[in-house]
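For reference, the chains in residue letters:
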Amino acid sequence: MSDFHNDQPSMGSRVAAVEVITQILLQQGSLSTQLSRIQAKVDFDDQALLKEYCFGVCRHFPSLNSIALSLLAKPFEERDFDLYATLLLGLYQLQHMSTPDHAAINESVELCRTLKKDWATKIINAVLRRYQRDQDDIIAAISSQPSVEFNLPKWIIKRIKKNWPDQFESIVEATNARPPMCIRVNLDKVSREIYKNMLDEEGIVSRETSFSESGLYLETAVPIFVLPKFTEGFVSVQDEAAQLSAQILHPKNNERLLDACAAPGGKTGHLLETAPDVQLTAVELEPWRLERIEENLERLGYQVELIVSDAGDLKNWWDETPYDKVLLDAPCSATGVIRRNPDIKINRKPADIEALVEIQSTLLDNVWQVVGEGGYLLYATCSIMPEENSLQIERFLARTATAVEVPLNSISSHSINSDSTISKVATNTSNNKTDHGHQLLPKVDGHDGFYYCLLQKRDA
Ligand SMILES: C[S@@+](CC[C@H](N)C(=O)[O-])C[C@H]1O[C@@H](n2cnc3c(N)ncnc32)[C@H](O)[C@@H]1O
């Protein structure tokens, strides 16, 4: 592909978007990594537009892809994925944005020249003009394709239908919707009520989360620097469902706590806000992701022992002192958070799920060994696939005599007392009970899809 990395002071938002989308199509990293890599090259005022282009194309990829394929004589080859990204971006503007049609088309044609692929100007121009002219007929001709009807890859549609037949429509709706901005108030510094008032004073309308004790949904998303005392660590951006880990584990000062898959440190920070003097070890496999944990904790004002390692490779990092509580926020398909990571619609493949199930299973077996007798392990994923969640736990319980499940009748209804019993602290039953653990399914204007199962270690 063409070289975008010249010395020009700033990059146009469309050029940058084409680069990001091309990298996603080529399976080179995630949307968030690609966006953060390129964002600084784009003028500040254009960054929101860049984000809108990239998220929009990924969010609508299954249907845009079907439209594009129905209009092209032959699909673009991998070496021309920059042109394909240009076409998808053009179609996205025509179909979903208020960009005037002539601007969307002319700018797309101009992008071919920027990419030094002038030979493609005719194709891009012809396809976009055809779409502009005949869009109703074009869409009608492909509207029965599941990827167009549900705007998700076929294999994901099939799995959601099979696993959640009754909730299929609401899951699809929530998965395709724009997610609400949810923040977590640092209760170590300020109460949720006071922080809500601070938001009110800035004209930022919010409402309290119903499951999490520390969350607020914002009526309209705002840049983080607008949030009062963000840099002083009063607040973090985190979905409501993710906020429940600390609530369920309920760490106490001086307990030994392990955060086994820690980056970018969202839950690490929350665990520390809940008990600032907990003895916390955070383990993360990817060295480059450790920086994110450090940044997050520095802003919140906490320090922990950070280890770069495979959490399951105990010889590498464990001193054989057992932990009271362990959070295993395992790598997963992220099918509960597609609306926040819409590049999953492009990149995730069915085989990934099988590979992830294996990784999760090995991590569970290995990390279980560091849990002390009477101690707890909270298994968490942001997946809605039973094989990564309830079925994973079913198999773990069957092969692990020391493990017992601690029921979570409602996801926010239990916390662990210091005497290691479970007490009821709130009641809410609008979640989805599975055979093991608790599955939260994504909700429009509500929490993401997430899974939790709390396990306790007993004598064999
Ligand atoms: C779901 S994310 C964790 C999110 C994090 N707990 C938070 O709340 O911000 C999973 C993380 O586990 C890391 N990871 C994957 N395999 C791992 C392993 N074997 N040991 C430790 N970390 C691992 C990934 O690099 C990724 O950062």
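In this convention, every chain numbers its residues from 1, walking through the sequence in written order. Where local features are concerned, this predicted model is filtered to residues with pLDDT of at least 70; where side-chain atom pairs are given and counted, the filter is 80 or more; whole-chain, interface and lining totals use all residues. Computation of side-chain values covers all heavy atoms of the structure but excludes hydrogens and water.

1. A word on the site of the ligand
Any residue with at least one heavy atom within 4 Å of a molecule or strand is counted as near it. In the vicinity of the ligand, 19 residues are found, and the nearest of them are Gly266, Glu284, Arg289, Ala311 and Asp329. Here, Shrake-Rupley sampling with a 1.4 Å probe gives the accessible areas, and only protein chains in the shown set may cover a residue. In the complex, the protein chains occlude 86% of the 600 Å² of accessible area that the ligand would expose alone. When the residues that make up the shell around the ligand are grouped by side-chain class, the tally is ten nonpolar, three polar and six charged. Under the grouping applied here, Gly and all other residues not named as nonpolar or charged are polar, the nonpolar ones being Ala, Val, Leu, Ile, Met, Phe, Trp, Tyr, Cys and Pro and the charged ones Asp, Glu, Lys and Arg.

2. A look at unusual backbone geometry
Backbone torsion omega between Ala263 and Pro264 reads 5°, so that peptide bond is classified as cis. Relative to the assigned elements, Pro264 resides in the loop between β5 (256-259) and α13 (266-274). A positive phi angle, near 75°, is found at Glu320, a position not held by glycine. Position of Glu320 among the secondary structure elements: in the loop between α15 (314-317) and β8 (323-329). The class of Glu320 is exposed, set by a relative accessible area of 63%. In this model, Asp445 sits at a positive phi of 60°, which is unusual for a non-glycine residue. As for its placement among the helices and strands, Asp445 is situated in the loop between β14 (438-440) and β15 (450-457). Note on conventions: DSSP H or I runs of at least 4 residues are helices, E runs of at least 2 residues are strands, and numbering of each starts at the N terminus. Exposed residues in this analysis have more than 50% of their type's maximum accessible area, buried residues have under 20%, and partly exposed residues fall in between, with area computed by a 1.4 Å probe over protein chains only.

3. Thoughts on the UniProt feature "active site" (unreviewed entry) in the protein
Within this numbering scheme, the UniProt entry marks Cys382 as carrying the feature "active site" (unreviewed entry). You can call Cys382 buried: its relative accessible area is 17%. UniProt positions are given in the numbering used here, feature names are shortened, and annotations may be inferred rather than shown by experiment.

4. Observations concerning the packing of aromatic side chains
Where two aromatic rings form a pair, the distance of their centres and the angle of their planes describe that pair. Working definition: rings of Phe, Tyr and Trp (its six-membered ring) pair if their centres are within 6.5 Å, and the pair is stacked with planes under 30 degrees apart, edge-to-face with planes over 60 apart, and tilted otherwise. In the structure shown here, the tally under the stated rule is seven aromatic pairs. Ring plane angle 45° and centroid distance 6.3 Å describe the contact between Phe44 and Phe225, whose orientation is recorded as tilted. Taken together, the positions of Phe44 in the loop between α2 (31-38) and α3 (47-59) and Phe225 in the loop between β3 (215-218) and β4 (235-237) put the pair 181 residues apart, joining distant regions of the chain. For the pair formed by Phe44 and Phe225, the shared burial category is exposed. With a centroid separation of 6.4 Å and 40° between ring planes, the pair formed by Trp317 and Tyr323 is classed as tilted. Per residue, the accessibility class of Trp317 equals that of Tyr323, and both read buried. One residue, Arg256, lies across the ring of Tyr323, its end atom 4.2 Å from the ring centre. The rule is short: NZ of Lys or CZ of Arg within 6 Å of the ring centre and within 35 degrees of the ring normal puts a charge over the ring.

5. Regarding the pairing of β3
Side chains Gly215 and Tyr217 project from β3 onto one buried face, and the interleaved Leu216 and Leu218 project onto a second face that is buried too. When strand β2 (residues 206-208) meets β3, the two strands line up antiparallel, connected through three bridges. Its bridge partner being in β3, Arg207 is matched across the sheet by Tyr217. Here, a strand pair is defined by DSSP locating no fewer than two bridges between the strands. The turn joining β2 and β3, which pair antiparallel and follow one another in sequence, is formed by six residues.

6. Section: the environment of Ala263
Relative to the assigned elements, Ala263 resides in the loop between β5 and α13. As for Ala263 and Arg292, which are separated by 29 residues in sequence, their C-alpha atoms are 6.7 Å apart.

7. What to know about the sheet that holds β4
The strand order across the open sheet formed by four strands is β2-β3-β1-β4, and the pairing between neighbours is antiparallel. With partners counted over all chains shown, the strands left at the sheet margins are β2 and β4, one partner each. Direction aside, the axes of adjacent strands within the sheet are offset by 30° on average. Sheet topology note: the strand β1 (residues 181-185)/β3 ladder contains four bridges and is antiparallel. Note that in β3 the partner of Cys182 across the bridge is Tyr217. The strands that α13 touches are β1 and β4; relative to β1, the one it contacts most, it runs at about 35°. For helices, the axis comes from a line fit to the C-alpha atoms of the stretch in contact; other axes are also lines fit to C-alpha atoms, and the angle between any two N-to-C directions lies between 0 and 180 degrees. By definition in these notes, contact holds between two residues if any of their heavy atoms fall within 4.5 Å.

8. Section: the packing of helix α6 (residues 101-114) against helix α7 (residues 121-142)
Each pair of packed helices can be described by the angle between their axes along with the distance between the axes. Between α6 and α7, whose axes approach to 9 Å, the crossing angle comes to 165°. Here α7 runs roughly antiparallel to α6, going by the angle between their axes. In the crossing of α6 with α7, the sense of the turn from one axis to the other is right-handed. Counting all contacts with α6, which are made through Asp101, Ala104, Ile105, Asn106, Ser108, Val109, Cys112 and Arg113, the residues of α7 involved are Thr121, Ile124, Asn125, Leu128, Arg129 and Gln132. Its residues assigned to classes, the contact of α6 with α7 comprises six nonpolar, five polar and three charged. Every angle not falling under 35 degrees, over 145, or within 65 to 115 is termed oblique; those three ranges are roughly parallel, roughly antiparallel and roughly perpendicular. The hand of a helix crossing depends on one turn: near helix anticlockwise from the far one by less than a right angle means left-handed, and clockwise means right-handed.

9. Digging into the domain arrangement of the protein
Domain start and stop points were drawn from an automatic or database domain assignment. Along its sequence, the protein is carved into domain 1 (13-149), domain 2 (181-237) and domain 3 (241-457). On a C-alpha basis, the centroid separation for the pair domain 1 and domain 2 is 35 Å.

10. Description of the side chain of Thr381
Relative to the helices and strands, Thr381 is located in strand β9 (residues 371-381). Under this definition, polar contacts are N or O atom pairs within 3.5 Å; protein pairs additionally need one hydrogen-donor-capable and one acceptor-capable atom, and for neighbouring residues in sequence, both atoms have to be side-chain atoms. In this structure the side chain of Thr381 is engaged in a polar contact, spanning 3.2 Å, whose partner is the backbone nitrogen of Ser383. Here the side chain of Thr381 touches Asn389 through a polar contact of 2.6 Å, side chain to side chain. Beyond its immediate sequence surroundings of up to four residues, Thr381 is in contact with Asp329, Ala330, Cys332, Glu388, Asn389, Phe450 and Tyr451.

11. Quick word on the UniProt feature "binding site: S-adenosyl-L-methionine" (unreviewed entry) in the protein
In the numbering used here, UniProt assigns the feature "binding site: S-adenosyl-L-methionine" (unreviewed entry) to Cys261, Ala262, Ala263, Pro264, Gly265, Gly266, Lys267, Glu284, Asp310 and Asp329. For Gly266, the location among the structural elements is in helix α13. Exposure remark for Gly266: the relative accessible area of 28% places this residue in the partly exposed category. Once residues within four sequence positions are removed from consideration, Gly266 is found in contact with Arg184 and Gln238. Looking at the element boundaries, Asp329 is found in strand β8. Relative accessible area serves as the criterion here: at 17%, Asp329 is assigned to the buried category. For Asp329, the contacting residues outside a window of four places in its chain are Cys261, Lys267, Ala380, Thr381 and Phe450. A polar side-chain atom of Asp329 sits 2.6 Å from a polar atom in the side chain of Lys267.

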